[in-house]
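Structure assessment
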Amino acid sequence: MNAPALLTSTEENYLKAVFALAQPRIGTNALADRVQTKASSATDMIQRLAEKGLVEYERYRGVGLTPSGRVAAAAVIRRHRLWEVFLAEKLGFGWHEVHDLAEELEHVQSPELIRRLDAFLDTPSYDPHGDPIPRADGTWPTAAGVRLDQVPVGQSFAVAGAADRTDELLDYLHRVGMVPGTEWTLVEIVPFDGTRTVQNRSGRTLDLSALAARHVLVQPQETQTPNA
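Notes on the overall build of the protein
The secondary structure content of the protein amounts to 8 helices and 8 strands. Each principal axis of the C-alpha atoms in the protein carries an extent, and together these give about 65 × 40 × 25 Å. Across the 228 residues of the protein, 42% fall into the buried class. Here the analysis covers contacts within the protein between residues at least 6 apart in sequence; of these, 64% occur between residues at least 24 apart. If you sum the accessible surface of the protein, you get close to 12100 Å²; carbon and sulfur atoms cover 50% of it. With 23 positive and 30 negative side-chain charges, the protein shows a spacing of 4 Å between the two charge centroids.

Description of the packing of helix α4 (residues 67–89) against helix α5 (residues 98–105)
It is the contact of α4 with α5, at a shortest axis distance of 8 Å, that shows an interaxial angle of 130 degrees. Our classification of the angle between α4 and α5 gives oblique. Considering the relative orientation of α4 and α5, their crossing is right-handed. Only Val-98, His-99, Leu-101, Ala-102, Glu-103 and Leu-105 of α5 make contact with α4, whose side of the interface consists of His-80, Trp-83, Glu-84, Leu-87 and Ala-88.

Thoughts on the layout of surface pockets
Reported here for the largest pocket is a volume of approximately 780 Å³. Lining of the largest pocket is provided by 27 residues; of these, Lys-16, Arg-34, His-80, His-99 and Glu-103 occupy positions nearest its centre. For the lining of the largest pocket, the secondary-structure elements that each account for two or more residues are α1 (9–21), α2 (28–35), α4, α5 and α7 (167–176). No other element matches the 5 residues that α1 contributes to the lining of the largest pocket.

Overview of the packing of aromatic side chains
Inspection of every chain in the model, using the stated rule, returns 3 aromatic pairs. Their ring planes at 85 degrees and their centres at 5.7 Å tell us that Trp-83 and Phe-86 sit as a pair that is edge-to-face. Here the residue Trp-83 and the residue Phe-86 both occupy positions in helix α4, the gap between them amounting to 3 residues, near one helical turn. Both residues of the pair, Trp-83 and Phe-86, count as buried. Three or more aromatic residues link up through ring pairs in this structure, and these residues are Trp-83, Phe-86 and Phe-120. The ring of Phe-120 carries the charged tip of Lys-90 above its face, separated from the ring centre by 5.2 Å.

Comments concerning helix α3 (residues 39–51)
The end-to-end C-alpha distance of α3, which contains 13 residues, comes to 18 Å, matching closely the 18 Å that a straight helix rising 1.5 Å per residue would cover. Here α3 has its buried residues at Ala-42, Thr-43, Met-45, Ile-46 and Leu-49. Buried positions in α3, seen along its axis, are confined to an arc of 165 degrees and lie on one side of it. Turned more than 90 degrees off the buried face of α3, the exposed positions are Asp-44 and Glu-51.

Details of the packing of α4 against helix α6 (residues 111–120)
Look at α4 against α6: their axes get within 10 Å of each other, and the N-to-C directions meet at 45 degrees. Considered as vectors, α4 and α6 are oriented oblique to each other. In this structure, α4 crosses over α6, and the sense of that crossing is left-handed. On the side of α4, the interface is formed by Arg-78, Arg-79, Leu-82, Trp-83 and Phe-86, while α6 contributes Leu-113, Ile-114, Leu-117, Asp-118 and Phe-120. Class assignment for the residues of the contact of α4 with α6 results in 7 nonpolar, no polar and 3 charged.

Things to note about α7
Burial in α7 covers these residues: Leu-169, Leu-170, Leu-173 and Val-176. Mapping the buried residues of α7 onto a view down its axis gives an arc of 140 degrees, with all of them on the same face. In α7, the exposed positions that point more than 90 degrees away from the buried face belong to Glu-168 and Arg-175. In this fold, the buried residues of α7 make contact with β4 (156–162), β5 (183–189), β7 (205–208), α8 (210–215) and β8 (216–221).

Comments concerning the domain arrangement of the protein
Partitioning the protein into domains gives domain 1 (1–142) and domain 2 (146–221). Relative to domain 2, the C-alpha centre of domain 1 lies at a distance of 29 Å. Opposite the 7 residues of domain 1 that make contact, domain 2 presents 12 residues. Approximately 800 Å² of surface area, both sides summed, lies buried where domain 1 meets domain 2, with 61% of it carried by carbon and sulfur atoms. Considering only the side of domain 1, the residues that lose the most area to domain 2 are Trp-95, His-96 and His-129, jointly responsible for 77% of the buried surface there. Across the domain 1-domain 2 interface, the total number found is 0 salt bridges. The interface formed by domain 1 and domain 2 includes 1 residue pair in polar contact (both at pLDDT 80 or more). Looking at the side of domain 1 that touches domain 2 residue by residue, the classes come out as 2 nonpolar, 4 polar and 1 charged.

Thresholds applied
Residues numbered from 1 in each chain as written. Predicted model: local features only at pLDDT ≥ 70, side-chain atom pairs only at ≥ 80, totals over all residues. Heavy atoms only, no water. Helix = DSSP H or I, 4+ residues; strand = E, 2+ residues; numbered from the N terminus. Buried < 20%, exposed > 50% of the residue type's maximum accessible area, 1.4 Å probe, protein only. Contact = heavy atoms within 4.5 Å. Areas by Shrake-Rupley, 256 points an atom, 1.4 Å probe, with all protein chains shown as cover. Lys, Arg positive; Asp, Glu negative; His and termini not counted. Charge placed at Lys NZ, Arg CZ, Asp CG, Glu CD. Axes fitted to C-alpha atoms, helices over the stretch in contact; angles between N-to-C directions. Parallel < 35°, antiparallel > 145°, perpendicular 65-115°, else oblique. Left-handed = near helix turned anticlockwise from the far one by under 90°. 1 Å grid on protein atoms, 1.4 Å probe; cavity = no way out; pocket = protein on both sides within 12 Å on 5 of 7 lines; lining within 4 Å. Points joined across faces, edges and corners; volume = space filled by probe spheres on them. Phe/Tyr/Trp six-rings, centres within 6.5 Å; stacked < 30°, edge-to-face > 60°. Lys NZ or Arg CZ within 6 Å of the ring centre and 35° of its normal. Expected span 1.5 Å × (residues − 1). Arc of directions from axis to C-beta. Nonpolar A, V, L, I, M, F, W, Y, C, P; charged D, E, K, R; others polar. Domains from an automatic or database assignment. Buried area = accessible area lost by both parts, 1.4 Å probe. Salt bridge = Lys/Arg side-chain N within 4 Å of Asp/Glu carboxyl O. Polar contact = N/O pair within 3.5 Å; in protein donor to acceptor, adjacent residues only side chain to side chain.

This is the structure in structure tokens:
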């Protein structure tokens, strides 16, 4: 995956934002909100990116990525998510801590560094939050798992990620120990409010609200009988 050269960190941030929001086009006001700037500044940047052949922009119709723009955006996302894996797996940062650090590291535009980083991490498919990491050839892995609220009672699972990246949710899940790789079994669903009671292999139980369960991604495993 070879991104166009000589992009500034601001240009890369805009490409990521368009990639995240475009369906297939977004307005400049929505883009400005995403990157936390004025609409006029967003328009200026979009015009610059259009001159580089990275976006298509028409007034009143919004902005979308060109094929080259998609390659560039995916390259930034790939670097970001690889750095998140490195920070979590090799340096011991929690999954609630890695995003802001990766935001800085993602702008290091060294293809050889990223190639070696990918090999060092054994070519991971997902970041610590369960998001797919674009492959070097530009393809994407499938989604990491299903939502916890889709799992039946008695099902064992491993936590795969979180669909919601808010600090509040990630801090909470980190605090209660429901982080990627941990294994649990769903033992009860409260009919009244949808609270999920889960239990790990050591017999520890945890109650999760229906809201939290909607945002936890899991990989179902062979069903196990929880400890009595």
